[in-house]
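Remarks on the overall topology
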Amino acid sequence: MSESGGSSGVVDAGAVRVDMAHQRPTMGPMSYQSDPGKRIPKSGEDPTRPLPVSNDGTQLYTSNYNSEPEGSGFIESLANIGSIVLLVITIPISIFFCFKVVQEYERAVIFRLGRLRRGGARGPGIFFILPCIDAYRCVDLRTVSFDVPPQEILTHDSVTVAVDAVVYYRVYNPTVAVSNVVDYSHSTRLLAATTLRNVLGTKNLAEILSERESISHTMQSSLDEATDPWGVKVERVEM
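Every chain's residues receive numbers from 1 upward, in the order its sequence appears when written. Per-residue local features are limited, in this predicted model, to residues with pLDDT of at least 70; the limit for side-chain atom pairs, both in listing and counting, is 80 or more; totals at the level of whole chains, interfaces and linings are taken over all residues. For side-chain calculations, the full set of non-hydrogen atoms in the structure is used, while hydrogens and water are omitted.

**Digging into the sheet that holds strand 9 (residues 134–140)**
Here, any two strands with at least 2 DSSP bridges between them count as paired. Where helices and strands are cited, they refer to DSSP runs of H or I of at least four residues and of E of at least two residues respectively, numbered from the N terminus. The three strands are arranged 7-6-9 in an open sheet whose pairing can be described as antiparallel. The open sheet terminates on both sides in strands that have one partner only, identified here as strand 7 (115–116) and strand 9. As defined by bridge partners, strand 6 (residues 106–112) adjoins strand 7 across two bridges and the pair is classed as antiparallel. Across the sheet, Phe111 pairs through a bridge with Leu116, a residue of strand 7.

So, in structure tokens, the structure goes:
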């Protein structure tokens, strides 16, 4: 252990230095710091497409997979107990309303007293809900296609053309698709029409005719990035 000169009063103890003036430890050259931009995916999140964060590290999504226990008080506990009592009293009739089944291609997003239940979406198969306090919504995970109506577009060389397209997308995160957007299907359709006009508006007529594949790929990338906060993956765009 050695003490450096000057008025800073810093003591170097191997890999750890202690600033005596401010009583604050600082890591030396042997310390390891993880990448601040690298984030561990949460439970129920697709590891290949993690929830994006802003430049300052703030999560862009409003949904919270562990939000159910937060703020649970006397009213919530009383509602849970009342629901269980009602379930027991009305057996076996209540069994037909409490057990639900989702298909292999579906997932059920459950809300208990307005909060997302822990564990992410349920399914496929059978799951259980409590009467009166649980609500659920099924989300289809299969690929969906839709036609973009013909759009009147003024090209970069002042030529008016009518162009339509076909978009293929699927939901990869049902919890986000339910909690972060009112209607992900309708929103994706509107966004596709707007993106088609914006992309083709920067092209000449000759480029539109000769670079259809490149333009389709540009549209797909732009749509996929815009719909990512909705839990939607745009797989393909054809003009």
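**With respect to the environment of Gln103**
Its location among the elements puts Gln103 in the loop between strand 5 (99–102) and strand 6. Remark: the alpha-carbon pair of Gln103 and Cys138, spanning 35 residues in sequence, is separated by 9.6 Å.

**Describing the side chain of Ser216**
Summarising the element assignment, Ser216 is placed in helix 6 (residues 212–227). For Ser216, a relative accessible area of 8% translates into the label buried. Apart from the residues lying within four places of it in its own chain, the contact partners of Ser216 are Val237, Glu238 and Met239. The buried label goes to any residue with under 20% of its type's maximum accessible area, the exposed label to any with over 50%, and the partly exposed label to all in between, with areas taken from a 1.4 Å probe on protein chains only. Residue contacts are counted whenever heavy atoms from the two residues lie within 4.5 Å of one another.

**What about unusual backbone geometry?**
Residue Ile91 is joined to Pro92 through a cis peptide bond whose omega torsion reads 10°. One non-glycine residue, Cys132, lies in positive phi territory at about 75°. With respect to the helices and strands, the residue Cys132 is situated in the loop between strand 8 (125–128) and strand 9.

**Here we look at a nonpolar patch on the surface**
A patch consists of residues whose relative accessible area exceeds 30% and which take part in no salt bridge; residues with like charges are grouped when within 9 Å of each other, and nonpolar side chains (Val, Leu, Ile, Met, Phe, Trp, Tyr) when within 5 Å. For the accessible areas, the method is Shrake-Rupley and the probe is 1.4 Å, while residue cover comes only from the protein chains on display. What makes a salt bridge here is a side-chain nitrogen of Lys or Arg within 4 Å of a carboxyl oxygen of Asp or Glu, nothing more. On the surface, a cluster of nonpolar side chains totalling about 1,100 Å² of accessible area is made up of Ile84, Val88, Ile91, Ile93, Ile95, Phe96, Phe97, Phe99, Val101, Ile126 and Phe128. For the nonpolar patch, the elements supplying multiple residues, two or more each, are helix 1 (74–89), helix 2 (95–98), strand 5 and strand 8. Of the residues forming the nonpolar patch, the biggest block, three residues, is contributed by helix 2. Looking at the secondary structure, you find Phe128 in strand 8. On the accessibility criterion, Phe128 (30% relative accessible area) is partly exposed.

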